[in-house]
Each structure stands twice: as structure tokens, then as C-alpha cells.
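Chains, contacts and geometry: an overview
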Amino acid sequence: MKVLVGLGNPGRRYANTRHNIGFRVISHFAKEEGIRFSKSDTLGAVWGKGVCGGEEVRVVLPQRFMNRSGEVVRRLVSKWHFPLEKMLVVVDDLALPLGQLRIRSRGSDGGQKGLLSIIEALGTEDFSRLRVGIGSGVTDKNWETYVLKPFAKKEASRVESTVERASEGCRLWIEEAMDVCMNRLNKREQT
């Protein structure tokens, strides 16, 4: 079993914001794979399961705010009893330009509060993460406002292609070794 966790904030108010691109990627992946979501109050998430590349896959959208994502992930690990190397967290990254992807098998939170929450809840940085660029060049003073804004209309096609590529990256992670994923996904995308 492999587990894909998309990070974001619950509720319509945040649905189209930059911070929720992790939700969008996992939702797109689930739709492509015919996986339906159902709500679990016990987990504090909506989730679904299916098969991809001959592997059972569970997709999860935590229904806690970003900085409390770790609570949900800790419950998943406790309830489903899977090793952390079988989990991929998909998250927005303010330091990467819109459209750029970066996958790693471990690492720091890089200032991302959802990743920090998961690291603190699990007591380790040893889990895979797919960072999805949402734009760079933001000053420290306005980053919180920036990530909670919707994408601009002129960015719509770029966002859609990014979501599709990141969804394909999830599929690649399920089917291939991490070095293959890194070689294919971590290249700087041409604008």
C-alpha cells in the first residue's frame, strides 16, 4: 500500500488558493484513477482507495488547517500501519517558481507549516515529499497573504498544467524508484 497526502486548508474559502495546490494535485490524481473520496471523522480527513500500477493506493486530504496536518498524518500511520517510505506528501512551495516540481525522499520543512506539523507529529523528516512551486519573489512581509490568495486568471493554464504534471509525478512515485522520480521531476521546467 502507498499513501498520497495532499496538504491544504479545508473549506470553500481556501479551495482555489495557492496554499491548496496539494489538495488540487491529489484530487486530480484521484479523478484520473477513478478513486472516490469519503469523509472520515476518525481520521480528520477525506480519503479514498484504489489501485495504480498494480499497487493499492490511498489518497488523503486532511481536514485540519495546514499547520495541524501532522495530527491527521499521525492518525493515518497509527491506524493503517504503513512504513513512512510508503507515504508521499504533496505540498505547495513558495520558494519555487510556479510550475516547478521538486521531489525528495526526506528533508526539512523549508518553512512550510504543513510539513513542519508532520515532522513534529512523526518525530522524523524521513518521508517523501513532492513540492509544487506556487511562485517566488515574495517578500517576507506578505507571504502569508500571498499563499492565501487565489491564482491570477493569467496563471490558470500554467496552474492546470502544473497540477497535471504533479499528478503524473505521483503516479511515477508509485511505480518507480525515487532516483527515477528525481531525475524526471526535478528538472527546471521551461516557461
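Read on for an overview of the structure. Just so it is clear, the model here is predicted, and its values are computed rather than measured.

**Let's talk about the nonpolar core**
Residues Leu4, Phe29, Leu130 and Cys170 are the most contacted members of the largest nonpolar core, which totals 34 residues. No other element matches the 7 residues that helix α5 (residues 156-175) contributes to this core. Ignoring anything within four residues of it in the chain, the contact list for Cys170 reads Leu4, Val25, Ile26, Phe29, Leu88, Val90 and Leu130. In this structure, Val3, Val5, Leu43 and Val91 belong to the second largest nonpolar core, which totals 21 residues.

**Some words on the pairing of strand β4 (residues 55-62)**
Most of β4 sits inside the fold, with 6 of its 8 residues counted as buried. Where strand β1 (residues 2-6) lies against β4, 4 bridges are found, and the strand directions are parallel. Paired with Lys2 across the two strands is Val57, which belongs to β4. Bridging between strand β3 (residues 45-52) and β4 involves 8 bridges; their strand directions are antiparallel. Opposite Gly50, over in β4, you have Val57 as the bridge partner. Hairpin connection of β3 to β4: 2 residues between the antiparallel strands, including Gly53 at a positive phi of 60°.

**Description of the side chain of Gln112**
As for its position among the elements, Gln112 is in the loop between β6 (101-104) and α3 (113-122). Within the local environment of Gln112, its side chain forms a polar contact with the backbone nitrogen of Leu115, the two atoms lying 3.0 Å apart. Contact partners of Gln112, with chain neighbours within four places excluded, come to Leu7, His19, Met66, Val91, Asp92 and Arg131.

**Quick notes on the pattern of salt bridges**
Going through the model one piece at a time under the given rule, you end up with 11 salt bridges. Arg18 serves as the salt-bridge partner of Glu155, at 2.6 Å between the closest nitrogen and oxygen. Taken together, the residues span a long stretch of sequence, with Glu155 in the loop between α4 (143-147) and α5 and Arg18 in the loop between β1 and α1 (21-33) at a distance of 137 residues. Judged by relative accessible area, which is 16%, Glu155 ranks as buried. The closest approach of N and O atoms between Asp93 and Arg131, which form a salt bridge, is 3.2 Å. Remark: Arg131 occurs in strand β7 (residues 128-133) and Asp93 occurs in strand β5 (residues 87-93); sequence separation between them is 38 residues. Summarising the burial analysis for this pair, Asp93 and Arg131 share the class buried.

**Overview of the packing of aromatic side chains**
Counted under the stated rule, the structure contains 2 aromatic pairs. On the basis of an interplanar angle of 85° and a centroid distance of 5.8 Å, the ring pair of Tyr14 and Phe65 is categorised as edge-to-face. One end of the pair, Tyr14, is in the loop between β1 and α1; the other, Phe65, is in the loop between β4 and α2 (69-80), with 51 residues separating them in the sequence. Centre to centre, the rings of Trp47 and Trp80 are 5.0 Å apart; their planes meet at 55°, and the pair counts as tilted. Here the residue Trp47 occupies a position in strand β3, and Trp80 occupies one in helix α2, the gap between them amounting to 33 residues. With respect to class, Trp47 is no different from Trp80; both count as buried.

**Thoughts on α2**
With 12 residues, α2 extends 17 Å between its outermost C-alpha atoms, agreeing within 8% with the 16 Å of an ideal straight helix rising 1.5 Å per residue. Phi turns positive one or two residues past the end of α2, at His81, with a value near 50°.

**What about the environment of Phe82?**
Tracing the backbone shows Phe82 in the loop between α2 and β5. Placed 21 residues apart in sequence, Phe82 and Leu61 show a C-alpha to C-alpha distance of 17 Å. Beyond its immediate sequence surroundings of up to four residues, Phe82 is in contact with Met1, Val3, Leu76, Val77 and Met87.

Conventions we followed
- Each chain carries its own residue numbering, running from 1 in the direction its sequence is written.
- The model is predicted, so local features are restricted to residues of pLDDT at least 70 and side-chain atom pairs to those at 80 or more, both for listing and for counting; the totals for chains, interfaces and linings are taken over all residues.
- In computing side-chain values, all of the structure's heavy atoms are included and hydrogens and water are not.
- Definition used in this section: a nonpolar core is a set of buried Ala, Val, Leu, Ile, Met, Phe, Trp, Tyr and Cys residues joined via side-chain atoms within 4.5 Å.
- Think of it in three bands: with a 1.4 Å probe and only protein chains considered, a residue is buried below 20% of the maximum accessible area for its type, exposed above 50%, and partly exposed in between.
- Helix numbers and strand numbers start at the N terminus; a helix is a DSSP run of H or I with at least 4 residues, a strand a run of E with at least 2.
- The criterion used for residue contact is that any of the two residues' heavy atoms lie within 4.5 Å.
- Note on pairing: DSSP must find at least two bridges between two strands before they are called paired.
- Polar contacts, as used here, are pairs of N or O atoms within 3.5 Å; protein pairs need one atom able to donate a hydrogen and one able to accept it. Residues neighboring in sequence count only if both atoms are side-chain atoms.
- Criterion for a salt bridge: a side-chain nitrogen of Lys or Arg within 4 Å of a carboxyl oxygen of Asp or Glu.
- Only rings of Phe, Tyr and Trp enter the pairing, Trp through its six-membered ring, and a pair is recorded when the two centres are within 6.5 Å. The plane angle decides the type: under 30 degrees is stacked, over 60 is edge-to-face, the rest tilted.
- Helix span, expected: 1.5 Å multiplied by one less than the number of residues in the helix.

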